[in-house]
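Overview (structure and organization)
Spelled out, the chains give:
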Amino acid sequence: MISLRVRIGALLGLALVIGLTGPATATPATSTATDTATVEEQRLDRAAPQEILRRSGFADAAPEFAQALGAARSYTQARAVVVREGSALWRRAVERAQGRGPDGGDLSRDDDRPLYWARLGMTREVRAYQPDFTLDDRQRQALLDALERTSRGQADIRYPHGKGVKRVLVTGFDPFTLDRDIRISNPSGASALALDGTVIETADGPARVETAVFPVRWRDFAQGTVERTLRPYLPRIDLFATVSQGRVGRFDVERTNGAWRGGFADNENVGRTETVPVADPATQPQWTATTLPYAAIVAADTGPFPVYDNTSVTEIPAGGTEPVVRPDGPSPGSTARAGGGGDYLSNEIAYRATLLRDRLGLGAVLPGGHVHTPVLRFGAGNTTEVTDPEFVRNRLDIIAQVRSIVAVAVAG
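Let us look at the structure shown here. Given the structure is predicted, the values throughout are model-derived calculations rather than measurements.

Time to look at the packing of helix α7 (residues 75–97) against helix α8 (residues 113–128). Where α7 contacts α8, the two axes come as close as 10 Å, and the packing angle between them is 165°. When the axis of α7 is compared with that of α8, the two are roughly antiparallel. For the crossing formed where α7 meets α8, the hand is right-handed. Taking contact as the criterion, the partners of E85, G86, L89, W90 and A93 in α7 are, on α8, L115, A118, R119 and M122. Here the residues of the contact of α7 with α8 sort into six nonpolar, one polar and two charged.

So this is what it looks like as structure tokens:
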């Protein structure tokens, strides 16, 4: 998920309680949903998202959630509904992606888009929710936060106890640049769904993979969603990889990450041009580095796409005023303007995750860093259909190669 500039350059008990207390009188959320929807949620009513939901069986997610939420008689009950339904949405998406349960429609199981659009339908219902009990702005935001965390797998990370199994954490992203093409899928999100809870056999023994998906929104990152999700697990895992969609026809292991936001618009059509905002900015470095075994990953035969050790960055050299591209990494004292992964949210998740690794004192012992996948593209001539055979085949190839890269990284 590289900035445009750099590309051009290179989610029973309560139900029983509610049933016993009688029917609630909350105003149905759908009555005002369109009045309160965000820019991201407003795209939901377009034809392609509705087709994706219908053809995957996820069209019922938001209406059923709204009905359950409308039956809540207190904030506590509403929060329980949100947590239950958010977690159920994540599990439903993972199970579909991994071939468990009904297809729900003719859309291929590996598709990440049903989760994305169903979640937006649910957040839109929370935003418009008008219950018969007092719900202040802080409580509504807490409901939204809980829905985001649970429906993204961020609250569902579980590793086995005991020794003998490596613990791996992989993250993906939502689709993005949706105003350019509303049909877009993100292979990193699809990979997260395919890998969550799976065990990969590696040359160094079995590895249990847990995953989570992150939003393409600057504000969530500034509010600490990456650190809040990863901090409890980094001291207890053996490897992490943040993954996003990058360049056409290739994988990249990004060697260096930069402390700079380049301004490219996010899924809310907001752009930020500034130093990456983190806690304790006085000790914030301009650059962080991967500790993934990049040489082993690049050398291995992991799949049909070439894999590169990307060492390029864009910097303002010490004493300089203008940004320059350096193919072999940053020079001493330079100011970041783009990491190997650009200056968008893929670079930022890599920067935040590796900075957190280092601040926890794990830099010398925990392999972690960022992997960019190839761009997922539709078949030639497809400008209107939400899927096609080449689109599905490419996504499956990318998912399989992400799995292989993780296996090599664990053994490396």
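A few words on the sheet that holds strand β11 (residues 313–316). Read across the open sheet, the three strands follow the order β12-β11-β13; overall the sheet is antiparallel. Edge positions in the sheet fall to β12 (324–326) and β13 (335–338), since each has one partner strand and no second. On average, each strand axis in the sheet is inclined to that of its neighbour by 45°, with strand direction left out of account. Strand direction decides the pairing type here: β11 and β13, joined by three bridges, are antiparallel.

Right, let's talk about the environment of D220 for a bit. Turning to its location among the elements, D220 is positioned in helix α11 (residues 218–222). Assessed through its relative accessible area of 11%, D220 is described here as buried. Considered as a pair, D220 and T275 are 55 residues apart in the sequence and their alpha carbons are 15 Å apart.

The first and last C-alpha atoms of helix α9 (residues 137–151) sit 21 Å apart over 15 residues, in line with the 21 Å expected at 1.5 Å per residue. Burial in α9 covers these residues: Q139, R140, L143, L144, A146, L147, E148, T150 and S151. Tucked into the core, α9 has its buried residues touching α6 (61–70), α7 and α8. With a side-chain oxygen positioned 3.2 Å from the backbone nitrogen of R138, the residue opening α9 is D136. Note on α9: the residue one or two positions beyond its end, G153, has a positive phi of about 80°.

Backbone hydrogen bonds are what pair the strands of a sheet, in a parallel or an antiparallel way. Sheet architecture is open: seven strands sit in the order β2-β3-β1-β4-β14-β5-β10, paired in mixed fashion. Strands at the two margins of the open sheet, each flanked by one partner only, are β2 (199–202) and β10 (307–310). Here the average twist between neighbouring strands, direction ignored, is 30°. Pairing geometry for strand β1 (residues 166–173) and strand β3 (residues 205–214), over eight bridges, is parallel. When the sheet's bridge partners are listed, F173 is paired in β3 with F214. Contacting β1, β2, β3, β4 (239–245) and β14 (368–373), helix α10 (residues 187–195) runs over the sheet at an angle of about 135° to β3. Strands β1, β2, β3, β4, β5 (251–254), β10 and β14 of the sheet are contacted by helix α15 (residues 389–411), whose axis makes an angle of about 55° with β2.

Procedures and definitions
- Residues numbered from 1 in each chain as written.
- Predicted model: local features only at pLDDT ≥ 70, side-chain atom pairs only at ≥ 80, totals over all residues.
- Heavy atoms only, no water.
- Axes fitted to C-alpha atoms, helices over the stretch in contact; angles between N-to-C directions.
- Helix = DSSP H or I, 4+ residues; strand = E, 2+ residues; numbered from the N terminus.
- Parallel < 35°, antiparallel > 145°, perpendicular 65-115°, else oblique.
- Left-handed = near helix turned anticlockwise from the far one by under 90°.
- Contact = heavy atoms within 4.5 Å.
- Nonpolar A, V, L, I, M, F, W, Y, C, P; charged D, E, K, R; others polar.
- Pairing = 2+ DSSP bridges.
- Buried < 20%, exposed > 50% of the residue type's maximum accessible area, 1.4 Å probe, protein only.
- Expected span 1.5 Å × (residues − 1).
- Polar contact = N/O pair within 3.5 Å; in protein donor to acceptor, adjacent residues only side chain to side chain.

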